[in-house]
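Descriptive analysis of the structure
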Amino acid sequence: MRTMRARPFMATFLMATIPCVVTWGKQKSESDSAIQTEIMQIEGQMKQAILRKDVDALDHVYADSMVWTARGELLTKAQVLADFRSGRLKNNSLEHSNIEIHIYRNTVVLTGYSTSQLVFGGKVLNTPRRFSDAFVKLDGRWQLVAHAVTNIESD
Amino acid sequence: MIRRTILVAILAVSSVAFAKAQATVNSSEKSTQAVLKVEEETDRAFVKRDWDRLSHYWADTLVYVNGKGKNRTKAEWLAYLKSGAIKYYPAVHSNVLVHVYQDTAVVTGYSTTKTVENEKVSTGPRRFTKVYVKENGRWQLVLVQITSVSKR
């Protein structure tokens, strides 16, 4: 098992300034750096899709059985897409940092810190949070299978 | 004769596809049961303070995010547990869902398990999201994230 600081990403201009640490599982089916770059590209695409309210792009990346845990609720893909589509959920900004990626063959776990400002049901939420995304390679492409968000509270 | 050959070929392809689909379903069901067994064993290990058992099921790269959004590595989380700062009572979970994607499993659930952390009693409620990866023939936990649920 190795842990190292990631090299600068060539293709992901959105993530270029985010510090990122990558760890590798023992078995690898692809080049780790290629997987890392691909995942960061997908994260960048998801961010753009959320800001542009491009629900079709999100639909493509989210696995059909994706689970999304936020604000104490468990939501399905259909519910999340409906929230974005209706405007019940929208992001005014998307700010992620401290991104860490763990690669396990066809599974990637990405964790990070978010100070994004979002609006849910008309209420502005800007509490700092920790988020995790789990991706699995299905039908030859990386798909988001789980997303979890936890508000950061002081002890 | 040609028509008969085509029919036989179609039936053969259909049978293979059906068998493959059945194998996938059976394999998925087997994996679900295996992951749930690991969940049960780790729940018991928390109560019995069996750190070796927990360590066995946790990947070295485990990321643990608690209900306050604090993240810990496997080593940090084990050290915190060993310090005695938190005590676990028998697990009370509901709405547990398992999604299996070959060698990956996502488990979600709702928990009201009683814990005492730094003398503060909590029964949540909370939701958990866990990701398991099958490596070297065994399921290992690679991510746990807890999210508090507002009491209504």
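Procedures and definitions
- Here the residue index of a chain counts from 1 through its sequence in written order.
- The lettering of chains begins at A and the numbering of ligands begins at 1, in the order of writing.
- Where totals are concerned, whole chains, interfaces and linings use all residues; where local detail is concerned, this predicted model gives features only for residues with pLDDT of at least 70, and gives and counts side-chain atom pairs only at 80 or more.
- A run of H or I in DSSP becomes a helix once it reaches four residues, and a run of E becomes a strand once it reaches two; helices and strands are each numbered from the N terminus.
- Residues are called buried when their C-beta atom has 20 or more other C-beta atoms within 10 Å, exposed when it has 12 or fewer, and partly exposed otherwise; all C-beta atoms are positioned from the backbone.
- For the purpose of contact definition, each residue receives a C-beta atom placed from its backbone, and two residues are in contact when these atoms lie within 7 Å.
- One requirement defines pairing of two strands: DSSP has to find at least two bridges between them.
- Axis definition: a line fitted to C-alpha atoms, over the contacting stretch in the case of helices. Angles run 0 to 180 degrees between N-to-C directions.
- Amino acids are sorted into nonpolar (Ala, Val, Leu, Ile, Met, Phe, Trp, Tyr, Cys and Pro), charged (Asp, Glu, Lys and Arg) and polar (every other residue, Gly among them).
- Known as pLDDT, the predictor's confidence for each residue is given on a scale from 0 to 100.

Some remarks on the overall build of chain B
From N to C terminus, chain B includes three helices and nine strands. Seen in sequence order, chain B has helices and strands lined up from the N terminus as α-α-β-β-α-β-β-β-β-β-β-β. Burial status across chain B gives 28% buried among its 152 residues. Long-range pairs, those at least 24 residues apart, make up 47% of the contacts in chain B between residues at least 6 apart in sequence.

Topic: the sheet that holds strand 9 (residues 123-125) of chain A
Residues and elements named next belong to chain A. Strand order in the open sheet formed by three strands is 5-8-9, and the pairing between neighbours is antiparallel. Here the strands that pair on one side only, and so sit at the sheet edges, are strand 5 (89-91) and strand 9. The average undirected angle you get between the axes of adjacent strands in this sheet is 25 degrees. Sheet topology note: the strand 5/strand 8 (residues 118-120) ladder contains three bridges and is antiparallel. Paired with Lys90 across the strands is Val119, a residue of strand 8.

With respect to the interface of chain A and chain B
Taken together, the 30 residues of chain A in the interface contact 27 residues of chain B. Here the residues of the side of chain A that touches chain B sort into 13 nonpolar, twelve polar and five charged.

A short note on the confidence of the model for chain B
Looking at chain B as a whole, the pLDDT averages 89, with 82% of positions reaching at least 70. Predicted as a complex, the structure gets a pTM of 0.85 and an ipTM equal to 0.85.

Description of the environment of Tyr64(B)
Residues and elements named next belong to chain B. With respect to the secondary-structure elements, Tyr64 resides in strand 1 (residues 58-65). A count of 20 C-beta atoms within 10 Å places Tyr64 in the buried class. Put simply, Tyr64 and Glu76 are twelve residues apart on the chain and 9.3 Å apart in space, counted from C-alpha to C-alpha. Leave out the neighbours within four places in its chain, and Tyr64 touches Asn71, Arg72, Trp77 and Val144.

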